[in-house]
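Below are the chains, spelled out letter by letter.
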2 protein chains.
Amino acid sequence: MAVPEKAPTLVNGVAVDQLFSTVDAVKATPSIANFKFQIKNKWATGSQNCSSAAGFTGANQEFAHPQPFKLEADEPAILLGKDTAANPVEHLLHALASCLTTSMIYHASSRGIRIEQVESSFEGDLDLRGFLDLDPAVRKGYQGIRARFKIAADVPDDQLQEIVRLGTGHSPVFDSLSRGVPVSVTAERL
Amino acid sequence: MAVPEKAPTLVNGVAVDQLFSTVDAVKATPSIANFKFQIKNKWATGSQNCSSAAGFTGANQEFAHPQPFKLEADEPAILLGKDTAANPVEHLLHALASCLTTSMIYHASSRGIRIEQVESSFEGDLDLRGFLDLDPAVRKGYQGIRARFKIAADVPDDQLQEIVRLGTGHSPVFDSLSRGVPVSVTAERL
């Protein structure tokens, strides 16, 4: 949250000086750590809808993205859609993958661990009998998700595992999804 | 999962005949309800990474999307990124919004409830002191998420609330996120 006066020191593409400045700034003024992220969604037809992420609040300020990011959703034909975009449960896997990766990179960078490449694959099991109300014992959501990371870094084997734990130990989406989040939902007339 | 011989009956853009055929097919052969969704992610630099959703398995078959859907992630400048794409926790809100909307539409359609418009807004609270390891009592993930739906439909007020409960009562992402999912993570060398 500080603007450096000289070129930032980059580790893995992360401006670690700014990261440390952020930590110091939050220690001095904890309220700047409060962020509120938001999107708006609009239904088109059937399985097609689109979200817009226009901005967020944090550090006691409002921020706008350079342009609103459009995020589409659809379903494949076998799930009665037109297959024009990833479906909601695929978007959920992307949220998890991207957050684990960024969290791992930021925290490795802050420790001076240089990473060359990171690739990962995610898969989740879903039993449609839940969604279709065919068996009340089957949950509607994912029954389990498996993530496999492949990392290229000049570190010993035990540090390779530590790098991944930096991801799982800090990722907001991993924490949200693995522990659950209270979600309140209201409805009114348009 | 059945191919209709005539033009499908559409309610809210959903082929309800096919939906009922799917229910019958799953009743007859429960194993076809097992789906596995998957993505691959590749780190670029810093906060930038990209997922690809190329296909999935379900109904004892493998399916490929018409082309792999690319899903980008970045962070805004205040969070040390380049702001080229939505960030992971915004993607999580999109996954939730799109899933609640589609679940609501499918189940309303199956009940013959015609819906004209659906718009929604989602916001989630995140205290960065968790991610930054500044307070162990502060969770890394969202502390809470609020969703507000606006619905245009020719229904009485109590049915408006029921429509939203069709979403929360069936959405795989809502169920996953509000109740939590076991996530296993492994790492190996690239």
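Our structure's up above, just so we're on the same page.
Predicted model, so just to flag it, every value in this text is computed and none were measured.

1. Considerations on the pattern of salt bridges
Then, number 1: Inspection of the entire model under this criterion finds 18 salt bridges over all chains.
Then, number 2: Where E123(B) meets K36(A), a salt bridge forms, and the shortest distance between an N and an O atom there is 3.9 Å. Taken as a pair, E123(B) in strand β6 (residues 117–127) and K36(A) in strand β3 (residues 34–45) lie in two separate chains rather than in one.
Then, number 3: Looking at K36(A), the relative accessible area reads 27%, which means it is partly exposed.
Then, number 4: Salt-bridge contacts for D175(B) lead to R139(A); the nearest nitrogen and oxygen are separated by 2.7 Å. Residue D175(B) is located in helix α5 (residues 172–179), and its partner R139(A) is located in the loop between α3 (128–131) and β7 (144–152); the two belong to separate chains.
Then, number 5: Residue classification places R139(A) among the buried residues on the basis of a relative accessible area of 16%.
Then, number 6: Bridged by salt links that share partners, the residues K36(A), E123(B), D125(B) and R146(B) form one connected network.

2. Description of the pairing of β7(A)
Then, number 1: Pairing of strand β6 (residues 117–127) of chain A with β7(A), which is carried by 9 bridges, proceeds in the antiparallel orientation. What sits directly across from V118(A), in β7(A), is I151(A).
Then, number 2: Sheet topology note: the β7(A)/strand β8 (residues 183–189) of chain B ladder contains 7 bridges and is parallel. Following the sheet pairing, I145(A) is matched in β8(B) by V183(B).

What counts and what doesn't
- Residues numbered from 1 in each chain as written.
- Chains lettered and ligands numbered in written order.
- Predicted model: local features only at pLDDT ≥ 70, side-chain atom pairs only at ≥ 80, totals over all residues.
- Heavy atoms only, no water.
- Salt bridge = Lys/Arg side-chain N within 4 Å of Asp/Glu carboxyl O.
- Helix = DSSP H or I, 4+ residues; strand = E, 2+ residues; numbered from the N terminus.
- Buried < 20%, exposed > 50% of the residue type's maximum accessible area, 1.4 Å probe, protein only.
- Pairing = 2+ DSSP bridges.

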